[in-house]
Amino acid sequence: PPHHKYNNDQSKHRCPNNILTRNQPTLSNKRNNTNMIQVNSIILTAALLGHASAQGCYPAYITGASYSAGDIVSATTITETTSETHNYECRSAPNSLFCSQGAFAPNGIYSAEAWIKESAECMGTIEPTMSPSFKPTTDSPTYSPTGDVGGCPDEYAADAGYDVGDQVSVDGLVYECTSGLCSQIGFEPGTSVGIGAQIVEYWRQAWTVVGHCFGTIGPTSAPSFDELDDVGGCPDVWSAQTYDQGDLVSFMNLVFECTEDPLSSHCGQAGYEPNTAPGAWMIAWTVVGHCSGSIGPTGAPSFDPANSVGGCPDEWEMGSSASYEEGDMVSVTISTMPLRQVAYRCNAWPLSGHCGQISPIEDGGDLGWTFAGSCDGSIGPTASPSFDALTVDASGCPEEWSASKTDYEAGDRVSYSVSDSPSRKLLYQCREWPNAGYCNLGEGFEPTTLYGEQAWTLIGACSGTLAPTGSPVQYDGMCQFIKCVVVETVETNCVPGSAGCSCLAGFPAGINCRNIIRTDQCTPRDVDLWSNNVEYVENDVVRLGAKQFRCRGWPEFLWCRSEAYRPTMDDNGIWTQAWTAIEDCPP
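What you see is a predicted model; the values in this text were computed from it and never measured.

1. Re the overall build of the chain
Part 1 of the reasoning: Scanning the chain from N- to C-terminus turns up 4 helices and 22 strands.
Part 2 of the reasoning: Here the chain, with 587 residues, has 35% of them falling under the buried criterion.
Part 3 of the reasoning: Residue pairs in contact within the chain that sit at least 24 positions apart in sequence constitute 60% of those at least 6 positions apart.
Part 4 of the reasoning: As presented, the chain carries roughly 34300 Å² of accessible surface, and 53% of it is formed by carbon and sulfur atoms.

This is the structure we're talking about:
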């Protein structure tokens, strides 16, 4: 559901709406202490760190870098009179997710949510380990401490993109990439920053030395696919269209699978084509194998003249989720010499949404189409598309969809005209969160277009116009409810097991056994219209015209304050998750 408004004490600790992204440097500065037992209790961990003695400072925190549980950084806090540097350790999951977000920087206001601060200041830097050495002698080359790996791979290039396992050479040493930092500035193999005791070698977090080399590596005959599964024939190549979770495409004999929802919505968008720079495609696609040739046609539909539907309807054409409706028929040519054609019928909603996106004879075509039989010749055109199969809302059509409107909410309904003569309108409903945000993004998510189904759900057809619902029947009567608030709270000692006592029977009596007595003051209040300026709580009542709604109990009452859950005249609206409809106000 949408974010909820909490009271002041809660809202000041709300997390910023940051999103973890790919391609961030991942700094792994973890303590090498195999005897330390990780304690999930934040309080206990803080206590253990709080008694740490002064030690060297770990590498400084870098804004925008990616950190995980156990990573240790240093950060300096500067006041008007002092400057202190402390080490900070990234907390365990799930709080570790905050460590990579700038709003939770070690010396910031929300630091404690993500980092554990050592009480003692750190001095200097953690002693750097020895760099690998490559020391030829005058007699015959000897290399210490690494082994001879033969010919040298390509030299390291600052503008190249490296993946885990890639190897490069620098000054006769061979380095292998071990993390996602290998292409980042400051992590070039064999380099260091600082002078004297302040030298830090960040490259060790991205690369490892695997040996020394001489000359060059001869080219291999062809790339190896040994580690990828052979999936047989290649599926179709990527094209700008709508892909669903699990759809397969091919590129250069590699097979890619569309990821799960909601990221699958990117699979058909430009910029996310498989295996293209700068790598955004990895958000939407996963390499699942290699292929050769093409996928053989699925079992071709049987051509049986005895099972003929008569004349052939129009040939299938690529369209949108609203191009075809339940019961629509198309034809597909399966042979030109001699001419053989078969007919398919579009399945019932919601499967009818696939009819305009997948050909009846393609893999997955059976989602939208059912084989009807063979056909011959052509069918005369019908007068207009039929809306009989769609549920028709006889109460009228809501307001037409508009690209300029930016305040659509989940559950809002719009009409969309697909024919002026005769008048034909479809009825769409804005999808639930998080897809509801797409409803306000204009023409890119217009109903009936390629990405329209990401924002809107086709629920039927409509005719005429709706009676206005903006102003329910005017109510001029007296409508009130009883509002009770706690005016006094008294705590007293009590006998374990007695009514209202916090201690169960059998517990020893003591100062911890308390009976809390609350005094409520109940007064009549007018039932007003819903307002975003009111902090609604359980049992508060609002009205819409003469219709009354009562706020649900904890935790649902928190939604009562959100405009997304504002009561409406729609009996099945999202408001029902926060409010309960009760009897109408008296006439």
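So much for the structure itself; the text now carries on.
2. Quick notes on the sheet that holds strand S7 (residues 248-251)
Part 1 of the reasoning: Pairing within the open sheet is antiparallel, and its 3 strands lie in the order S7-S8-S9. Because the sheet does not close on itself, it has two edges, and the strands there are S7 and strand S9 (285-290). If you compare each strand with its neighbour and ignore which way they point, the axes differ by 35° on average.
Part 2 of the reasoning: Sheet topology note: the S7/strand S8 (residues 254-258) ladder contains 4 bridges and is antiparallel. Residue pairing for S8: Phe251 is matched across the bridge by Leu254.

3. Concerning the packing of aromatic side chains
For any two aromatic rings, the description comes down to two numbers: the centre-to-centre distance and the angle of the planes.
Part 1 of the reasoning: By the definition in use, this model includes 22 aromatic pairs.
Part 2 of the reasoning: Ring centres of Tyr408 and Trp456 lie 5.2 Å apart, and the angle between their planes is 85°; this geometry places the pair in the edge-to-face category. Linking Tyr408 in the loop between strand S13 (392-393) and strand S14 (413-419) with Trp456 in strand S16 (residues 456-462), this pair joins segments that are 48 residues apart in sequence.
Part 3 of the reasoning: Judged by its relative accessible area of 6%, Tyr408 is buried.
Part 4 of the reasoning: Linked through ring pairs, Tyr61, Tyr67 and Trp115 together constitute an aromatic cluster.

4. Description of the pairing of strand S1 (residues 72-78)
Part 1 of the reasoning: Bridge count between S1 and strand S2 (residues 83-90): 7 bridges; the pairing is antiparallel. Bridge pairing links Thr76 to Thr85 in S2.
Part 2 of the reasoning: Hairpin connection between S1 and S2: a loop of 4 residues separates the two successive antiparallel strands.

5. Considerations on the nonpolar core
Part 1 of the reasoning: Trp401, Tyr408, Val414, Tyr428, Cys439 and Trp456 are the most contacted members of the largest nonpolar core, which totals 16 residues.
Part 2 of the reasoning: Every element with two or more residues in this core is listed here: S14, strand S15 (424-430) and S16.
Part 3 of the reasoning: Take this core: its biggest share by element is 3 residues, from S15.
Part 4 of the reasoning: Leave out the neighbours within four places in its chain, and Tyr428 touches Ala322, Asp412, Arg413, Val414, Tyr416, Pro447, Thr448, Trp456, Thr457, Leu458 and Ile459.

6. Re the sheet that holds strand S21 (residues 547-551)
Part 1 of the reasoning: Strand order in this open sheet of 4 strands is S19-S20-S21-S22, and the pairing throughout is mixed. The open sheet terminates on both sides in strands that have one partner only, identified here as strand S19 (528-529) and strand S22 (579-582).
Part 2 of the reasoning: Looking at chain direction, strand S20 (residues 541-544) and S21 are connected through 4 bridges and run antiparallel. When the sheet's bridge partners are listed, Val541 is paired in S21 with Arg550.

7. What to know about the confidence of the model for the chain
Part 1 of the reasoning: For the chain, the mean per-residue pLDDT works out to 76, and 75% of the residues sit at or above 70.
Part 2 of the reasoning: Confidence drops under a pLDDT of 50 for residues 32-53, and excluding neighbours within four residues, the segment shows 20 contacts in the predicted structure.

8. Focus: the side chain of Arg543
Part 1 of the reasoning: Positionally, Arg543 belongs in strand S20.
Part 2 of the reasoning: An unpaired buried charge is present at Arg543: no salt bridge exists, and Asp528, the closest side chain of opposite charge, is 5.8 Å distant.
Part 3 of the reasoning: Within the structure, Arg543 has its side chain in polar contact with the backbone oxygen of Val527 (distance 3.0 Å).
Part 4 of the reasoning: Beyond its immediate sequence surroundings of up to four residues, Arg543 is in contact with Tyr475, Val527, Asp528, Leu529, Trp530, Gln548, Phe549 and Cys585.

9. Remarks on the state of the cysteines
Part 1 of the reasoning: This model, assessed by the stated rule, comprises 15 disulfides.
Part 2 of the reasoning: The disulfide bridge from Cys503 ends at Cys513, spanning 2.2 Å between sulfur atoms. Its torsion about the S-S bond being -100°, the disulfide of Cys503 and Cys513 is classed as left-handed. Here Cys503, found in the loop between strand S17 (480-493) and strand S18 (514-526), pairs with Cys513, found in the loop between S17 and S18; they are 10 residues apart in sequence, far enough to count as distant. The two residues Cys503 and Cys513 agree in class, both being buried.

10. What about the pairing of strand S11 (residues 339-346)?
The side chains of a regular strand alternate, first on one face of the sheet and then on the other.
Part 1 of the reasoning: In terms of strand pairing, strand S10 (residues 329-336) meets S11 through 7 bridges, oriented antiparallel. Note on S11: the bridge partner recorded for Thr333 is Gln341.
Part 2 of the reasoning: The pairing of S11 with strand S12 (residues 369-375) spans 6 bridges and is antiparallel. Residue pairing for S12: Cys346 is matched across the bridge by Trp369.

11. Describing a negative patch on the surface
Part 1 of the reasoning: A grouping of Asp236, Glu362, Asp363 and Asp366 is seen on the molecular surface, where their side chains present a negatively charged patch.
Part 2 of the reasoning: Residue Glu362 is classed as partly exposed on the basis of its relative accessible area of 38%.

12. Considerations on unusual backbone geometry
A negative phi angle characterises most non-glycine residues, just as the trans form characterises most peptide bonds.
Part 1 of the reasoning: Here the amide bond leading from Trp554 into Pro555 is cis, since omega sits at 0°, within 30 degrees of zero.
Part 2 of the reasoning: Structurally, Pro555 is set in the loop between S21 and S22.
Part 3 of the reasoning: With phi around 55°, Asp171 is a residue other than glycine that occupies positive phi space.
Part 4 of the reasoning: Following the sequence through the fold, Asp171 ends up in the loop between strand S4 (167-170) and strand S5 (173-177).
Part 5 of the reasoning: The backbone of Thr448 sits at a positive phi, close to 80°, despite the residue not being glycine.
Part 6 of the reasoning: The class of Thr448 is buried, set by a relative accessible area of 17%.

13. Examining the pattern of salt bridges
Part 1 of the reasoning: According to the stated counting rule, one finds 7 salt bridges in the structure shown.
Part 2 of the reasoning: Between Glu400 and Lys425 there is a salt bridge whose closest N-O contact spans 3.4 Å. With Glu400 in the loop between S13 and S14 and Lys425 in strand S15, this pair connects stretches of sequence that are 25 residues apart.
Part 3 of the reasoning: Of the charged contacts, one joins Lys547 and Asp571 as a salt bridge, the two residues approaching to 3.2 Å between their closest N and O atoms.

14. Comments concerning the environment of Asn493
Part 1 of the reasoning: When you line up the elements, Asn493 lands in strand S17.
Part 2 of the reasoning: Taking the C-alpha atoms as reference points, Asn493 and Ile516, 23 residues apart in sequence, are found 9.0 Å from one another.
Part 3 of the reasoning: In this structure the side chain of Asn493 is engaged in a polar contact, spanning 2.5 Å, whose partner is the side chain of Arg514.

Parameters at a glance
- Residues numbered from 1 in each chain as written.
- Predicted model: local features only at pLDDT ≥ 70, side-chain atom pairs only at ≥ 80, totals over all residues.
- Heavy atoms only, no water.
- Helix = DSSP H or I, 4+ residues; strand = E, 2+ residues; numbered from the N terminus.
- Buried < 20%, exposed > 50% of the residue type's maximum accessible area, 1.4 Å probe, protein only.
- Contact = heavy atoms within 4.5 Å.
- Areas by Shrake-Rupley, 256 points an atom, 1.4 Å probe, with all protein chains shown as cover.
- Pairing = 2+ DSSP bridges.
- Axes fitted to C-alpha atoms, helices over the stretch in contact; angles between N-to-C directions.
- Phe/Tyr/Trp six-rings, centres within 6.5 Å; stacked < 30°, edge-to-face > 60°.
- Core = buried A, V, L, I, M, F, W, Y, C linked by side-chain atoms within 4.5 Å.
- pLDDT = per-residue confidence, 0-100.
- Lys, Arg positive; Asp, Glu negative; His and termini not counted.
- Salt bridge = Lys/Arg side-chain N within 4 Å of Asp/Glu carboxyl O.
- Polar contact = N/O pair within 3.5 Å; in protein donor to acceptor, adjacent residues only side chain to side chain.
- Disulfide = S-S within 2.5 Å.
- Patch = residues over 30% accessible without salt bridge, like charges linked within 9 Å, V, L, I, M, F, W, Y side chains within 5 Å.
- Charge placed at Lys NZ, Arg CZ, Asp CG, Glu CD.

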